[in-house]
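# Per-entry structural report
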Amino acid sequence: METLVQSIVSGLLTGSLYAMIGVGLTIVFGVMRIINMAHGDMVMLGMYGAFWAHTAWKMDPFLSIILWVPAGFLGGLLIFRFLLKKIVPGGELNTLLYTAGLSLFVANLALLIWTGDYRTIKLPYAMMPLRPLGIAVPIPLAIAFCLAILVTAALYWLLAHTDIGRAIRATSQEPEVAALMGISVDRVSMITFGLGTALACGAGVLLAPSLYLYPTVGEILVAKCFVIVVLGGLGSVPGAIAGGLILGLAESLGAVYVSVPYKDAIGFVIFLLVLLFRPAGLLGEGKS
Amino acid sequence: MKLIGLAVALAVVVVAPWVVPDPFYVHLMIMVLMWTVLGAAWNILGGFAGQVSFGHSAFLGAGAYTTMILYLSLGIAPWYGIVLAGIVAALIAVPIGLICFRLRGPYFALSTLAVAEIIRLVALNWESLTNGPVGLLITTLPPVTFAGSPINWESKIPFYYIGAVIAIVALAVTWALSRSRLGAYVLAISEDIDSAEALGINTVQARVSALALSAFLAGAAGGFYAMYFRYIDPDAVFSIALSVEMVFIAVVGGLTTVVGPLVGAIFLVSLGETFRTHFMWGHLIFYGLFMMVAIRYMPEGIWGKLRLMVESRLGVKNG
């Protein structure tokens, strides 16, 4: 019983971060139909951002989120404006290949600058886990969980209640009609890509104290992102949140009740099954 | 004209290791040949059939493990092993194709990525077969005599010629495909799959055949990889990075052309390996850069662009 509760708790903690990464990927797909292969590398950049803020400026890695989220937003705007804008009309496969190129470029630039060595962030307050009711909760993950919920909720509010949020949702549903209603699809696309990148960077910052850092970590993360967004249905924000939590739970329960070595395979098996039998996603509101 | 070009190219291939005997350059040429095979393999599926796969390392790895395991546990010599590697890879490709070809476009691409990752995890954990993360190592290759003299496996030159033969076969297969009925079918599928279906083409069968052919070449290249490096482990031969490299070589060289993968491999592998001699990390940086440049400015690839330029210079109408 205790193991069950323990693995549900750790599954939800990791799942919240997966959800945050997945939401970024899914809004970009929803508006522009871009499957962003470089999304995981944006997470990697966020992780290194937190690492350097901690190592070079003695800044708390979690606090550095106030630096790297705006930086990610700005970076996303620039990437869209100068790199992706001309590619998007070429279709989904072109953007897929193009962002794969971007991903390899960013990861190798990071390898060149920071080498492939593994790095960790050691926090003085994170040595011992919290133990409410006998369940171990690692402090960095607990902080990351709270911040991830905060950021995701803020984004949700933005999408639901602001003009730009409505414009994003409208473009996601029907780009042509949105354009006819006077929405600048170009501007909305740029802002959406900025938001997606900001979420990825933010999630990277939050993940940094709990994971090993190395420049090609994005490769694994991006594969997980695809699992998450396909689970929830590509383009659906609630779907991505649910997908993130499901993947987190599936991994932690799988590690306990199926097998540790195959824990990473469980996600991919679910992914294939969903793609084959429910391509619109489990919640059925995505676009297939 | 074309025949003369072909004869000159063959002559260059035969004498190259004697003109530049420096081990680094021979190694470079071997890598170019191996990546030509892998690029050509990917080009058959991703270029001709228009089905973008991000999971071709599954076939490379399956081939590498087949050759290695057959040699280590059954003593089957690598030259049979390389052919068997291709066959095993093609056999694995058939069920993968039947499953993944239910999906289209980017969804197919994502599903191949997932399949390759699952296969990598199986290889990592099926220790009785693959020896797990430790990998497999061979120390000696069986003695062979060629034209009366024993082959020295410590030299790179025999590998160069074996690689050259496989690369020539791969390009010949691509050429044959481009003029075959299957080639016409898959081109029609890549243009418009619904119309192809309406014309009575069995699109599943055609795509699975193209995938099996592609997997055969990738598997054979994997067998060659195992024998040349004499060491393999799951993360080395099943990595996502390898799948992605194949895509880049085919796209940058020129999709749906016969010579494109060779051009792509010469260009990118030389850049990458030269970069590697100067810097410890990040030798794939130009792969990413030229991929972006190619998609943005010359989607027909280097070879496609060259051909267009030559044709317009000669005033040939491009049909």
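Look a little higher up for the structure.
My aim in this report is to walk through the structure given alongside it, one point at a time. Predicted, not measured: the structure shown is a model, and the values here were computed from it.

### Points about the overall build of chain B
Within chain B, the regular secondary structure consists of 15 helices and four strands. Buried positions account for 53% of the 319 residues belonging to chain B. Surface summary for chain B: the accessible area is close to 14200 Å², and the carbon and sulfur share equals 70%. Here chain B contributes 15 positively and 14 negatively charged side chains, and the mean placements of these two sets differ by 10 Å.

### Observations concerning the overall build of chain A
The helix and strand inventory of chain A stands at 11 helices and zero strands. For chain A, the α and β elements follow one another from N to C terminus as α-α-α-α-α-α-α-α-α-α-α. Taking the principal axes of its C-alpha atoms as reference, chain A extends roughly 60 × 45 × 35 Å. Within the span of chain A, comprising 288 residues, buried residues form 54% of the whole. Excluding contacts between residues fewer than 6 apart, the proportion of contacts in chain A whose partners are at least 24 apart in sequence is 78%. As displayed, chain A has an accessible area near 11900 Å², and 71% of this comes from carbon and sulfur atoms. Side-chain charges in chain A split into 15 positive and 13 negative, and the spacing between the mean points of these groups amounts to 4 Å.

### Observations regarding the side chain of Asn108 of chain A
Summarising the element assignment, Asn108 of chain A is placed in helix H4 (residues 92-114). For Asn108 of chain A, the residues in contact, after removing those within four places along its chain, are Gly282, His283, Leu284 and Ile285 of chain B.

### With respect to the pattern of salt bridges
All names here are of chain A. Scanning the model with the defined rule gives 11 salt bridges over all chains in all. Arg33 is paired through a salt bridge with Glu92; the nearest N and O atoms lie 3.6 Å apart. Note that Arg33 is positioned in the loop between helix H1 (2-32) and helix H2 (39-57) and Glu92 in helix H4, a separation of 59 residues in sequence. You can call Arg33 partly exposed: its relative accessible area is 27%. A relative accessible area of 23% places Glu92 in the partly exposed class. A salt bridge links Lys224 to Glu251; its shortest N-O distance comes to 3.2 Å.

### Digging into the nonpolar core
Core analysis: the biggest nonpolar cluster contains 184 residues, and Phe226 of chain A together with Trp35, Phe54, Ile232, Phe248 and Val269 of chain B have the highest contact counts within it. Counting residues per element, this core draws most heavily on helix H2 (residues 23-48) of chain B, at 17 residues. Residues contacting Phe226 of chain A, with those up to four places away along its chain left out, are Leu25, Ile35, Asn36, Met37 and Phe271 of chain A together with Leu110 and Leu113 of chain B.

### Thoughts on a nonpolar patch on the surface
Residue and element names in this part refer to chain A. On the surface, Met1, Leu4, Ile8, Leu12, Val256, Tyr257 and Val258 cluster together to form a nonpolar patch covering roughly 670 Å² of accessible area. For the nonpolar patch, the element with the most residues is H1, which contributes three residues. Summarising the element assignment, Ile8 is placed in helix H1. Using a relative accessible area of 34% as the deciding quantity, one classes Ile8 as partly exposed.

### Side note on the packing of helix H6 (residues 163-173) of chain A against helix H8 (residues 185-207) of chain A
Residues and elements named next belong to chain A. Between H6 and H8, whose axes approach to 10 Å, the crossing angle comes to 105 degrees. When the axis of H6 is compared with that of H8, the two are roughly perpendicular. Between H6, through Ile164, Ala167, Ile168 and Thr171, and H8, the contact on the second element is made entirely by Val185, Val188, Ile191, Thr192 and Leu195. By residue class, the composition of the contact of H6 with H8 is seven nonpolar, two polar and no charged.

### Comments concerning the packing of helix H7 (residues 157-178) of chain B against helix H10 (residues 203-229) of chain B
For any two helices packed against each other, the geometry is given by the interaxial angle and the distance between the axes. Residues and elements named next belong to chain B. Orientation of H7 relative to H10, taken along the N-to-C sense of each, is 175 degrees, at an axis distance of 11 Å. In terms of axis orientation, H7 runs roughly antiparallel to H10. Note on element contacts: H10 touches H7 through Leu213, Leu217, Phe224, Met227 and Tyr228, opposite Phe159, Ile162, Gly163, Ile166, Ala170, Val173 and Leu177. A breakdown of the residues in the contact of H7 with H10 according to their chemical character gives 11 nonpolar, one polar and no charged.

### With respect to the environment of Leu78 of chain A
The residue Leu78 of chain A is located in helix H3 (residues 65-84) in this model. With 158 residues separating them along the chain, Leu78 of chain A and Ser236 of chain A place their C-alpha atoms 25 Å apart.

### A closer look at the packing of aromatic side chains
Going through the model one piece at a time under the given rule, you end up with 21 aromatic pairs over all chains. Ring centres of Phe51 of chain A and Trp52 of chain A lie 5.0 Å apart, and the angle between their planes is 80 degrees; this geometry places the pair in the edge-to-face category. Classification of Trp52 of chain A as partly exposed rests on a relative accessible area of 30%. With 6.4 Å between their ring centres and 20 degrees between their planes, Trp79 of chain B and Trp153 of chain B make a pair best called stacked. One end of the pair, Trp79 of chain B, is in helix H4 (residues 78-100); the other, Trp153 of chain B, is in the loop between strand E3 (149-150) and H7, and 74 residues separate them in sequence. Take Trp153 of chain B: its relative accessible area is 11%, and that puts it in the buried class. What links up through ring pairs into an aromatic cluster is the set Trp79, Trp153, Phe159, Phe224, Tyr225, Tyr228 and Phe229 of chain B. A cation sits over an aromatic face here: Arg81 of chain A above Phe82 of chain A, 5.3 Å from the ring centre.

What counts and how
- Residues numbered from 1 in each chain as written.
- Chains lettered and ligands numbered in written order.
- Predicted model: local features only at pLDDT ≥ 70, side-chain atom pairs only at ≥ 80, totals over all residues.
- Heavy atoms only, no water.
- Helix = DSSP H or I, 4+ residues; strand = E, 2+ residues; numbered from the N terminus.
- Buried < 20%, exposed > 50% of the residue type's maximum accessible area, 1.4 Å probe, protein only.
- Areas by Shrake-Rupley, 256 points an atom, 1.4 Å probe, with all protein chains shown as cover.
- Lys, Arg positive; Asp, Glu negative; His and termini not counted.
- Charge placed at Lys NZ, Arg CZ, Asp CG, Glu CD.
- Contact = heavy atoms within 4.5 Å.
- Salt bridge = Lys/Arg side-chain N within 4 Å of Asp/Glu carboxyl O.
- Core = buried A, V, L, I, M, F, W, Y, C linked by side-chain atoms within 4.5 Å.
- Patch = residues over 30% accessible without salt bridge, like charges linked within 9 Å, V, L, I, M, F, W, Y side chains within 5 Å.
- Axes fitted to C-alpha atoms, helices over the stretch in contact; angles between N-to-C directions.
- Parallel < 35°, antiparallel > 145°, perpendicular 65-115°, else oblique.
- Nonpolar A, V, L, I, M, F, W, Y, C, P; charged D, E, K, R; others polar.
- Phe/Tyr/Trp six-rings, centres within 6.5 Å; stacked < 30°, edge-to-face > 60°.
- Lys NZ or Arg CZ within 6 Å of the ring centre and 35° of its normal.

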